[in-house]
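Topology and contacts: notes
This is what each chain is made of:
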Amino acid sequence: MTSLEALQRAFIDQRNGIFIHFNSGTTQYHQSDIIDWDYGVTGKNDPRRHPFEPATWNPDRLDTAQWAAVAKSAGARFAALTTKHHEGFCLWPTQTTTHCVSSGQVTTDVVASYLKDFRAAGIEAGLYFSMLDLQHDITATHCTPADKAMIHAQLTELLTNYGDIPFLITDGWNAPWGGPSYQDLPFAEVDGWVKSLQPNCLLMNIGSVDDLSTTDILFFENAAGQETAASFAGPGIACNLFTTSWFWKDRYATEPLKSVDWALGLAEQYNRQNVNFMLNINPDDHGQVAPNLAAQLAAYGQRYQQPAPLTALPAGWLRR
């Protein structure tokens, strides 16, 4: 077994995860019908319809320990936080741009707080990072050497300032919804950056669902309709959500959520195929998980059955 296969196997044995969507979209769109971000604006010269002003960032009751408690109640073994989503706002005090928490009303380093509390809860804490960055014009039509240097610098901060990062989920990279191409930003180049800083960090690229040439784990955004083939045997990860969009909407506090039975059915299906399943937590604009979503995740955790660890890689396991 190669070192990559050993890391894949250990990750797949965790099975049950949490995705935390909390970023500028939380502040911008919690009272809006706009879903998550400025869809359709992916070219350098496209007008930004909804630019985000960092001074409006004000999660005045931020409680990452509560997030960790909710994740723990759901039986989560691992989690990921949206350190930077497609809009480009950074949840840590980066030296690369003022478009970050340092310019907000609340300047807490959310990445550091999340990692501290999830690690304390015994949950393996990884990170999500969007290559598509509308604020800094890093798009499908524009990714210059300077843009690549910025991405490199931001990844370096995330992978050197916060201890061990077991996995990094990337998004908006050679994707149908926009972001740099592999020609402008080669996978091997980024993989090399990541592994040089954290040799055991799995790089999981959302949208890479065919083979392991551009990801360490195949990532299926199930909520966007991506499905595994019936013959798929791993290694994979899929994600979905109890609400109707990834980031918080005020109406979610009272709207009916998708059922626990529905979520358990997906988890069982995916786990059987050696695909980890992540459910979403979308903290509100104050920085807390709503009581109804917390209760739904706890109900899921009470009924979720953790599969036995793999004793060997199964036939059909994809290899690089």
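What you see is a predicted model, and the numbers here were worked out from it, not measured in a lab. (Residues numbered from 1 in each chain as written. Predicted model: local features only at pLDDT ≥ 70, side-chain atom pairs only at ≥ 80, totals over all residues. Heavy atoms only, no water.)

Things to note about unusual backbone geometry
Here is the rule: Strands here mean DSSP runs of E at least two residues long; helices mean DSSP runs of H or I at least four residues long; both are numbered from the N terminus.
The omega torsion of the bond from G234 to P235 falls at 0 degrees, within 30 degrees of zero and hence cis. If you trace the backbone, P235 turns up in the loop between β6 (218–220) and β7 (236–240). The backbone of D137 shows a phi angle near 55 degrees, a positive value even though the residue is not glycine. One non-glycine residue with positive phi stands out, namely N174, at about 55 degrees. Inspection of the secondary structure puts N174 in the loop between β4 (167–171) and α6 (187–197).

Describing the sheet that holds β4
Inclusion rule: By definition, two strands form a pair when at least two bridges between them are found by DSSP. Working convention: axes come from line fits to C-alpha atoms, limited for helices to the stretch in contact. Angles between N-to-C directions cover 0 to 180 degrees. Here, two residues are considered to be in contact whenever any of their heavy atoms come within 4.5 Å of each other.
With parallel pairing, eight strands are arranged side by side in an open sheet as β5-β4-β3-β2-β1-β8-β7-β6. Lying at the two open borders of the sheet, with one neighbouring strand each, are β5 (202–205) and β6. This sheet shows a mean twist of 25 degrees between the axes of neighbouring strands, independent of strand direction. For strand β1 (residues 16–20) and strand β8 (residues 275–281), the ladder comprises five bridges, and the chain directions are parallel. Bridged to G17 within β8 is M278. The strands touched by helix α8 (residues 291–303) are β1 and β8; relative to β8, the strand with the most contacts, the crossing angle is about 155 degrees.

A short note on helix α4 (residues 110–120)
Counted only if it meets this: Buried, partly exposed and exposed residues are distinguished by accessible area as a fraction of the type maximum, computed with a 1.4 Å probe on protein chains only: under 20%, between the cut-offs, and over 50%, respectively. Any pair of nitrogen or oxygen atoms within 3.5 Å is treated as a polar contact; in protein, a donor-acceptor pairing is required on top of that, and neighbouring residues in sequence qualify only through side-chain atoms on both sides.
Among all positions of α4, only V110, V111, S113, Y114, L115, D117 and F118 are buried. Contact partners of the buried residues in α4: β1, α3 (64–73), β2 (78–84), β3 (124–130) and α5 (145–160). The backbone nitrogen of V111 lies 3.2 Å from a side-chain oxygen of the residue at the head of α4, namely D109. A positive phi of about 80 degrees marks G122, the residue just after α4.

A look at the nonpolar core
To keep things clear, this is the line we draw: As used in this record, nonpolar core signifies buried Ala, Val, Leu, Ile, Met, Phe, Trp, Tyr and Cys residues forming a set joined through side-chain atoms within 4.5 Å.
Grouped together as the largest cluster of nonpolar side chains are 69 residues, with contacts concentrated most on I18, F118 and Y300. Top contributing element to this core by residue count: helix α7 (residues 260–272), with six residues. Those residues within four positions of Y300 in sequence are excluded, and the remaining contacts are N16, A74, F242, V260, A263, L264, A267, F277 and L279. Counting 23 residues, the second largest nonpolar core, distinct from the first, contains L4, I169, W246 and W317.

Some points on the environment of D211
Considering the arrangement of structural elements, one finds D211 in the loop between β5 and β6. It is 24 Å that separates the C-alpha atoms of D211 and L279, two residues lying 68 residues apart in sequence. Aside from chain neighbours lying at most four places away, what touches D211 is L218 and L318.

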